[in-house]
Amino acid sequence: MFKNYLKTAYRNLFKTKIFSLINILGLAMGMTICLLILHYVNYEKSYDRFHPHHERIYRLRYERTDEQGQSVRFASCCPPAAPRIRDRYPEVEKIGRLLRYRASVSHGDTNFFEERMYFAEPDVFEILKFSFIEGDPTQSLQDPNNAFVSQTTAKKYFGDEYPIGKTISVDKKEDYQIVGLFEDIPHNSHLKFDILLPFKKLETLFGPEYTEAWGHTGSYTYLRVKSGTDPSLFEKKLLGLVEAECPWLKEYKMIMTLPMQHLTDIHLTSHFMQEYEANGNRESVNFLMLVALFIIVMAWVNYMNLSTARALNRAKEVGLRKVVGANRRQLMIQFFMETTLINMVALIMALVLVTLSISFFSHLTSIPVSFRIWTQSWFFPALLLMFVVGIFLSGIYPVAAMSSFEPIRVLKGKIGNATKGLSLRKGLVVFQFVMALILITGTLTVYRQISFMRSQDLGFSMDQTLVVKAPRVRNDSYAETFLSFKETLLQNTRLSKISHVTEVPGRQIYWDAGGIHRAGTDISQSKNYQIVGVDYDFADVFDLQFSSGRNFSKEFSTDSDALILNETAVKWMGFENAESALGQQVDYWGDIYTIIGVLKDYHQQSPKEAFEPTIFRFMPTGRDVRGLFAIKLKTQNMREIIRLVQSQYDAFFPGNPFDYFFLDEYYDQQYHSDELFGQVFTLFSFLAVFITALGIFGLSSFSVAQRTKEVGIRKVVGASVLRIFLLLTRDYLLLLSLSFLISFPIVFFGLRYWLHGFAFRMSLNGWLFLSPFLLTACITLFTVSYQSIYAALANPVESLKYE
């Protein structure tokens, strides 16, 4: 019997090749899209889950809130917190700290600027488990002269030589012996490092006052609590620690907290100051999950509509089977066998499509090739679940409908009752229309918002700006050396201006300071400001505009005690406007400075972020090892100018790596995550609309087949082709209109919520909602036109000759 069911199913599959192909294609595309989205979502949610006991591991952060309720939130913590917690709270099994240190690292003539080097306490590696090939960081990092390097870093400095026992020099000041080697950090780790140095060395470099300062940040602190510890209750205990250690907070009328951030939440939810790198977005990931669900449901809905359309052609087959003795159970088995066969072929096709597209998709979404979809524990269970649920959900209604046909009625050609359920099918198409409208509107909004941000006046010029990292290896005559370097370069007419600054636009400012307030006001009025160290040429290089006042100038010897504020900082200090701030004094941790100028706000980071209150300090060259050279160019021959700058850099600053970037390219990296979301969203929106078109085709086939005789009669009595075409397409436009009314509030409030994450955002207008409706209407008319025109042009004699 089973063989007979299978043979019949196989014959029916090939008997109606077009319908079978559409069914298989729709289901296969739905499965493929769902699997690819799940692969992306699984990757984004896999961050840091490879650490044992990750459910009990937290990162300790640092927040300050002033009397007005304005807060600054850091991803890092203050250095003294970890040792105090280690000594006082038994709930904590282990706690450890890391501090990021950007510096020049060399071995012999090999020299690089390292961005991912950290001073680390040994306890960190009892909390976070990374793969160490040689050496034990829990022991070897006790020695202040030891170092660990990654495999890639070892190859970069030592080639194929054995790295253990070799020596590296940091800024040509401190030497470290390589005692350990670790595998490259997995891509799905929020914390990535290439070189590890002992935390004990910090006191040698910065002095004990740094590690004991509760007002400092930059200490990334991780802890693992004992089983059963309530993190919210433990956070309340830490408030008592802060109060005991920081009595000066009362004087400043400031609240300091040490929030605990679950390790596996960091990548998708953490967007604070001093993050290691830009993190993902939980809302985007969750939305894509919904898209995956809706798309696979749309594929199942298509199958239902197309199978129901075919039911008319198989009504007499069902009637004959019942007449010769087939019962309803046998018919249901037969039809479920066909559904199973179609889903099986679709599953195989989906696997082929995933195989063909996974490389492109991984490149598009920046998923590493090593993160293979086939090896993930969720993949085959998800595939099996889609297969089983797909058979049941997509097959249950068509199977039940076809097996319930009454043999006497269908053999007489009276199948009106067999077509009941049209309202359900229309409802399912409305669901598809709603999803199509939501996805198309969402796609347009994402791209318009990105275009809006890119079209914003950033408030500065970044064209033809070469940025070179300032040398870390310096001597006492560095200030004079830099001036000679600058004068030598400016003798070339292809360079116009050079500025020595601590940060350039496009980079997160890590230098911040609290305790700053207007001189003469109560210390409780202090707020937190971002600080940028600049020279005389900073404003000219970036073409910054002044709202009021002037730039730092060599003509004023008092400018070493002067400050320039941006417009946001002026508001934070309580001045009415830029003019009223000029000449006023600022208390900067006890030192008094005078405001000489106010810069117009510019976008230090992308327009997604709000303007931050920023203070610009005049810093004589060489006072701070942090820094960059910003060089304004006049030429398009970038290769030649880079060789020129590098040759002079190597001559004036020997022993330093020449590390550079172009500001416009660097700044554009900030749009990457939003553009990636837009590309993924657009891809799946297009495919979802295509699946929707398949569903419309199914319903139009059903409708035209049902109304064949009606069309014949109308043509006999004089109806034109156009009138019949409008008659057959009217229902779909009505369904689309209803879908628009349903989708509008969903889309409107959904987009408002999404745009709320952008400090500078586009406005929502009518065309944004109307254009997807018109586009979907065109797609709908194009899809149903074939069936409608075919029916309108058909000879009425063919449809009425048996009446």
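Note: the structure precedes this text.
The following paragraphs examine the structure supplied in this document. Keep in mind that this is a model prediction, so the values were computed, not measured.

1. Section: the state of the cysteines
Throughout the structure, instances matching the rule amount to 0 disulfides. Its sulfur unpaired, C77 is 4.0 Å from the next cysteine sulfur, which belongs to C78. Residue class for C77 comes out buried when judged on its relative accessible area of 0%.

2. Observations concerning helix α9 (residues 231-245)
A turn of α-helix holds 3.6 residues, and therefore any two residues three or four places apart point the same way. The terminal C-alpha atoms of α9, which comprises 15 residues, lie 21 Å apart, in line with the 21 Å expected from a rise of 1.5 Å per residue. Within α9 the residues assigned to the buried category are F234, L238, L241 and V242. Projection of α9 onto a plane perpendicular to its axis shows the buried side chains occupying an angular sector of 100 degrees, all on one side. Opposite the packed face of α9, turned more than 90 degrees from it, sit the exposed residues K236, E243 and A244.

3. Description of the packing of helix α3 (residues 81-88) against α9
For the pair α3 and α9, interaxial distance at closest approach is 12 Å and the crossing angle is 115 degrees. With respect to α9, the element α3 is oriented roughly perpendicular. Handedness of the crossing formed by α3 with α9: right-handed. Where α3 approaches α9, its residues R84, I85 and R88 are matched on the opposing element by F234, L238, L241 and E245. In the contact of α3 with α9, the residues fall into 4 nonpolar, no polar and 3 charged.

4. Some words on the packing of aromatic side chains
Inspection of the entire model under this criterion finds 55 aromatic pairs. Between F611 and F760 the ring centres are 5.0 Å apart and the planes differ by 70 degrees, which places this aromatic pair in the edge-to-face class. Within this pair, whereas F611 is found in the loop between β23 (591-599) and β24 (614-618), its partner F760 is found in the loop between α26 (721-755) and α27 (766-793), the two being separated by 149 residues in sequence. With relative accessibility at 22%, the residue F760 sits in the partly exposed group. Through a chain of ring-to-ring contacts, three or more aromatic side chains come together here, namely Y478, F482, F485, F629, Y649, F652, F653, F658, Y660 and F662. Above the ring of Y510, the side-chain terminus of R102 is found at 4.9 Å from the ring centroid. Lying across the ring of F758, K608 places its NZ or CZ 5.0 Å from the centre.

5. As for the pairing of β24
Along a regular strand, successive side chains alternate from one face of the sheet to the other. Among the 5 residues in β24, 5 count as buried, and that is most of the element. Of the two faces of β24, the one lined by T614, F616 and F618 and the one lined by I615 and R617 are each fully buried. With 5 bridges joining them, strand β19 (residues 527-534) and β24 adopt parallel strand pairing. Following the sheet pairing, I531 is matched in β24 by I615. Pairing geometry for strand β21 (residues 562-566) and β24, over 3 bridges, is antiparallel. Looking at β24, one finds that L563 is bridged to R617.

6. Observations regarding the nonpolar core
Counting residues in hydrophobic clusters, the biggest one holds 57 residues, and the most contacted among them are I37 and F684. Elements with a contribution of two residues or more to this core: α2 (17-45), α12 (282-311), α14 (328-365), α15 (379-403), α17 (422-455) and α24 (672-706). The greatest single-element share of this core, amounting to 14 residues, is contributed by α2. Setting aside anything within four residues of it in sequence, one finds I37 in contact with L288, M289, V291, A292 and F684. Formed by 49 residues, the second largest nonpolar core is a distinct cluster that contains L437, L458, M462 and L735.

Each value, and the rule that gives it
Residues numbered from 1 in each chain as written. Predicted model: local features only at pLDDT ≥ 70, side-chain atom pairs only at ≥ 80, totals over all residues. Heavy atoms only, no water. Disulfide = S-S within 2.5 Å. Buried < 20%, exposed > 50% of the residue type's maximum accessible area, 1.4 Å probe, protein only. Helix = DSSP H or I, 4+ residues; strand = E, 2+ residues; numbered from the N terminus. Expected span 1.5 Å × (residues − 1). Arc of directions from axis to C-beta. Axes fitted to C-alpha atoms, helices over the stretch in contact; angles between N-to-C directions. Parallel < 35°, antiparallel > 145°, perpendicular 65-115°, else oblique. Left-handed = near helix turned anticlockwise from the far one by under 90°. Contact = heavy atoms within 4.5 Å. Nonpolar A, V, L, I, M, F, W, Y, C, P; charged D, E, K, R; others polar. Phe/Tyr/Trp six-rings, centres within 6.5 Å; stacked < 30°, edge-to-face > 60°. Lys NZ or Arg CZ within 6 Å of the ring centre and 35° of its normal. Pairing = 2+ DSSP bridges. Core = buried A, V, L, I, M, F, W, Y, C linked by side-chain atoms within 4.5 Å.

All quantities given are derived from atomic positions and should not be read as evidence of function.
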